[in-house]
Amino acid sequence: MQLDKLGDFTRSHNNGELRIDNIGQTVRLLGWCRRARNLGSLVFIDIRDRWGLTQLVADENKATPELLDRLKAVRSEYVIGAEGIVTERESKNPNMITGDIEVRLTDLKIFNIAQTPPIPVEDSDHEANEDLRLKYRFLDLRREKLQRNMALRSEVANITRAFFRKNDFIEFETPILGRSTPEGARDYLVPSRVHPGEYFALPQSPQIFKQLFQVSGFERYIQICRCFRDEDLRADRQPEFTQIDVEMSFVRPEDIHSLIEGLMVELAPLAKKQVVTPFPRLQYKDVMEWYGTDKPDLRCKIKIRDITMAFASSDFGLFRGAAESNGQRRVRAIFFPGKKASATSRKQLDEYQEQAKQLGAGGLPYIKWAGDGLSSSFKKFITPELESELRQTYALDSDSEGLLIFAVGTDDQTSKVLADLRVRMGKAFGLLDESRFEFLWVVDFPLLQWEEEEKRFVACHHPFTSPYPDDIELLSTNPGACRAQAYDLVLNGYEVGGGSIRIHDSMTQSLMFKAIGIGKDEAREKFGFLLDALSYGAPPHGGIALGLDRLVMLLAGVDNIREVIAFPKTAQARCLMTEAPNSVDRRQLSELQIQNST
């Protein structure tokens, strides 16, 4: 087949633009053939571009020989151009934005042919295997759903930049090649050819540079930047990701909270959601106690409760043992109210128990109140007095129905199990409103936590986070008791941002380094430039980083971050399309003075 040249064949409209008002106009359209259908004398072609879909129609009996040849040749995913007259459709399609019209073809161009795609390009309920989708990502991205996600991502970036511009921020770029500072996740290292045996590191974040901008007097910094972390992947994590990076001088936590809430108010309508400000602020210790996680999903209003002492005199040894452990172990529980919860079958309870065991639980004790009375996995130990106390705890009357599940163990063990089941079972019982956006700020994190394997304290966020002023002395005497001026923004069970007020004087920064086991010489070698900068009049400052990929995932209503990244990696950190990472030529390794281990 002789392919047509584009020449001066330019589009007059895009494929989502034509309406009834355009009837009678001669138009030119460009795009891909989504589908061609030959119905006897009539041929229908759906032409697609990123704006939408338009139906083309031609009457074979009236077509010129040249047009007829092209009509017979065109196949799905051919790149085509169409010229014709807009007419009103006899059979309208309310599911298409251009469904009231069609274009009667007078000319058809074929600019390129296409093989049969190895994956379906049309959206369907039965998606191709994800590995196959990632291998042919350039085809996967033609799908309407992914095109919509990419357009949404672009709009989030546009709104974000406009929001910070009107709030007097300056946009900067920070270096991609920097110094390795292995605190936190593992670095991606880049060998230097000019300096053999030395390495750059790709940035885990622009943290130090954005603080240096504050020392330089710019006061309001914004960057939509790429970051890199060599860590294990999951559905909401990638080795390279994009964050909205913000830093401000002369700022308090509440100033940052208010600023970011304003941004969320502007972004939420992209998901057809409305949010109310100010967002709730909950202390870390409270969210861990009530929800078992520092990123709780507040769409489910149910809380975890400590009911250890209700079993202080129980004959159930497992529970009584927790009551006698002096706080080392606890009995914690969640009550799911309603008939749907009370109707949970034994098979369903067994499935929840298996999920609990995968999270480290020994089992899943329960009590169920239904119309036919009480049933329980430990019914013989439930006295009338115990049942009465439990009913009072949860304000249940004699007609109340529901399911009470328990977890026994340490705080970490019970939190892990109940946090998962609270959301999982809440969804199953209709107790989680999936139509809502529920934001909150989690505040007052611990500054440091003890790392048993390394036998030292490590920073819960990063080592540049400021303790509360009243806690600075504790850095030397009781580091584990220090509270951080840190805050996380949580949406529907996902952390979408984290930030803090920073240490802005070299003395406190040195105390922080000492508390996490970085001695004076090591601190000077790794962070001397920062300590020097802080000694030249650094203002009080703080900021936050928002995960753009994760935020777009939530706005798009999908549950995998790969659905909103154009060319993502697999869970094994591979690009199946380009087959990266890959081995490199020995000459390249030789130039870098790296010995090939294979």
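Check the entry above for the structure.
Computed from a predicted structure; not experimentally measured.

### Looking at the sheet that holds strand β15 (residues 373-376)
Sheets are built from strands paired through backbone hydrogen bonds, the pairs being either parallel or antiparallel. Read from one edge to the other, the open sheet built from five strands follows the order β12-β13-β16-β14-β15, with strand pairing classed as antiparallel. Of all strands in the sheet, those with a lone pairing partner are β12 (305-306) and β15, marking the two edges. Each of β12, β14 (366-370), β15 and β16 (402-409) touches helix α11 (residues 384-393); the most contacted strand, β14, lies at about 80° to it.

### Digging into the nonpolar core
In this structure, Phe 164, Val 246, Ile 260, Met 264 and Leu 489 are the most contacted members of the largest nonpolar core, which totals 44 residues. Setting aside chain neighbours within four positions, we find Ile 260 in contact with Phe 164, Trp 441, Leu 489, Ile 544 and Leu 546. Grouped together as the second largest cluster of nonpolar side chains are 30 residues, Phe 464, Cys 482, Ala 484 and Leu 531 included.

### Quick look at the packing of helix α4 (residues 144-166) against helix α6 (residues 253-267)
Helix packing geometry: the angle between the two helix axes and the distance between the axes. Interaxial distance between α4 and α6 falls to 10 Å at its minimum, and their mutual angle equals 140°. Classified by the angle between their axes, α4 and α6 sit oblique to one another. In this structure, α4 crosses over α6, and the sense of that crossing is right-handed. Together, Val 156, Ile 159, Thr 160, Phe 163, Phe 164 and Lys 166 of α4 and Leu 259, Ile 260, Gly 262, Leu 263, Glu 266 and Leu 267 of α6 make up the contact between the two elements. Of the residues in the contact of α4 with α6, the class split is eight nonpolar, two polar and two charged.

### Comments concerning the packing of aromatic side chains
What the rule picks out here adds up to 31 aromatic pairs. Ring-pair connections join several aromatic residues into one group, and the members of that group are Phe 311, Phe 316, Phe 319, Phe 378, Phe 381 and Phe 406.

### Focus on the environment of Leu 390
Summarising the element assignment, Leu 390 is placed in helix α11. Given a relative accessible area of 0%, Leu 390 falls into the buried group. The residues touching Leu 390, leaving out its near neighbours within four places in the chain, are Ile 307, Ile 367, Trp 369 and Leu 404.

### Some remarks on the side chain of Ser 342
Position of Ser 342 among the secondary structure elements: in helix α9 (residues 339-342). Non-local contacts of Ser 342, meaning those with residues more than four positions away in its chain, are made with Lys 368, Trp 369, Ala 370, Glu 401 and Gly 402.

### Structural notes on a nonpolar patch on the surface
Together, Met 1, Leu 3 and Ile 113 give the surface a local cluster of nonpolar side chains, amounting to about 290 Å² of exposed area. For Ile 113, the location among the structural elements is in the loop between β5 (101-112) and α2 (130-135). Judged by its relative accessible area of 48%, Ile 113 falls in the partly exposed class.

### A word on the pattern of salt bridges
What the rule picks out here adds up to 53 salt bridges. When the shortest N-O distance is used, the salt bridge between Arg 143 and Asp 140 registers 2.9 Å. Neither residue differs from the other here; Arg 143 and Asp 140 are each classed as buried. Linking Arg 346 and Asp 350 is a salt bridge whose minimum nitrogen-to-oxygen distance equals 3.3 Å. Of this pair, Arg 346 and Asp 350 both sit in helix α10 (residues 346-358), four residues apart, roughly one helical turn. Each of Glu 127, Arg 133, Arg 137, Asp 140, Arg 143, Lys 145 and Glu 563 takes part in a single network of salt bridges with overlapping partners.

### Some thoughts on the sheet that holds strand β22 (residues 541-547)
Spatially, β6-β9-β10-β22-β21-β20-β17-β11 is the arrangement adopted by the eight strands of the open sheet, whose pairing is mixed. Only two strands of the sheet have a single neighbouring strand rather than two, namely β6 (170-171) and β11 (281-283). Pairing analysis gives three bridges linking β11 to strand β17 (residues 439-443), with the strands arranged parallel. By the bridge assignment, Gln 283 is partnered in β17 with Val 443. Contacts from helix α5 (residues 207-215) reach β9 (220-228), β10 (240-249) and β22, with the element oriented near 20° to β10. Docked against the sheet, helix α7 (residues 284-291) engages β11 and β17, running at close to 85° with respect to β11.

Rules and cut-offs
- Residues numbered from 1 in each chain as written.
- Predicted model: local features only at pLDDT ≥ 70, side-chain atom pairs only at ≥ 80, totals over all residues.
- Heavy atoms only, no water.
- Pairing = 2+ DSSP bridges.
- Helix = DSSP H or I, 4+ residues; strand = E, 2+ residues; numbered from the N terminus.
- Contact = heavy atoms within 4.5 Å.
- Axes fitted to C-alpha atoms, helices over the stretch in contact; angles between N-to-C directions.
- Core = buried A, V, L, I, M, F, W, Y, C linked by side-chain atoms within 4.5 Å.
- Buried < 20%, exposed > 50% of the residue type's maximum accessible area, 1.4 Å probe, protein only.
- Parallel < 35°, antiparallel > 145°, perpendicular 65-115°, else oblique.
- Left-handed = near helix turned anticlockwise from the far one by under 90°.
- Nonpolar A, V, L, I, M, F, W, Y, C, P; charged D, E, K, R; others polar.
- Phe/Tyr/Trp six-rings, centres within 6.5 Å; stacked < 30°, edge-to-face > 60°.
- Patch = residues over 30% accessible without salt bridge, like charges linked within 9 Å, V, L, I, M, F, W, Y side chains within 5 Å.
- Areas by Shrake-Rupley, 256 points an atom, 1.4 Å probe, with all protein chains shown as cover.
- Salt bridge = Lys/Arg side-chain N within 4 Å of Asp/Glu carboxyl O.

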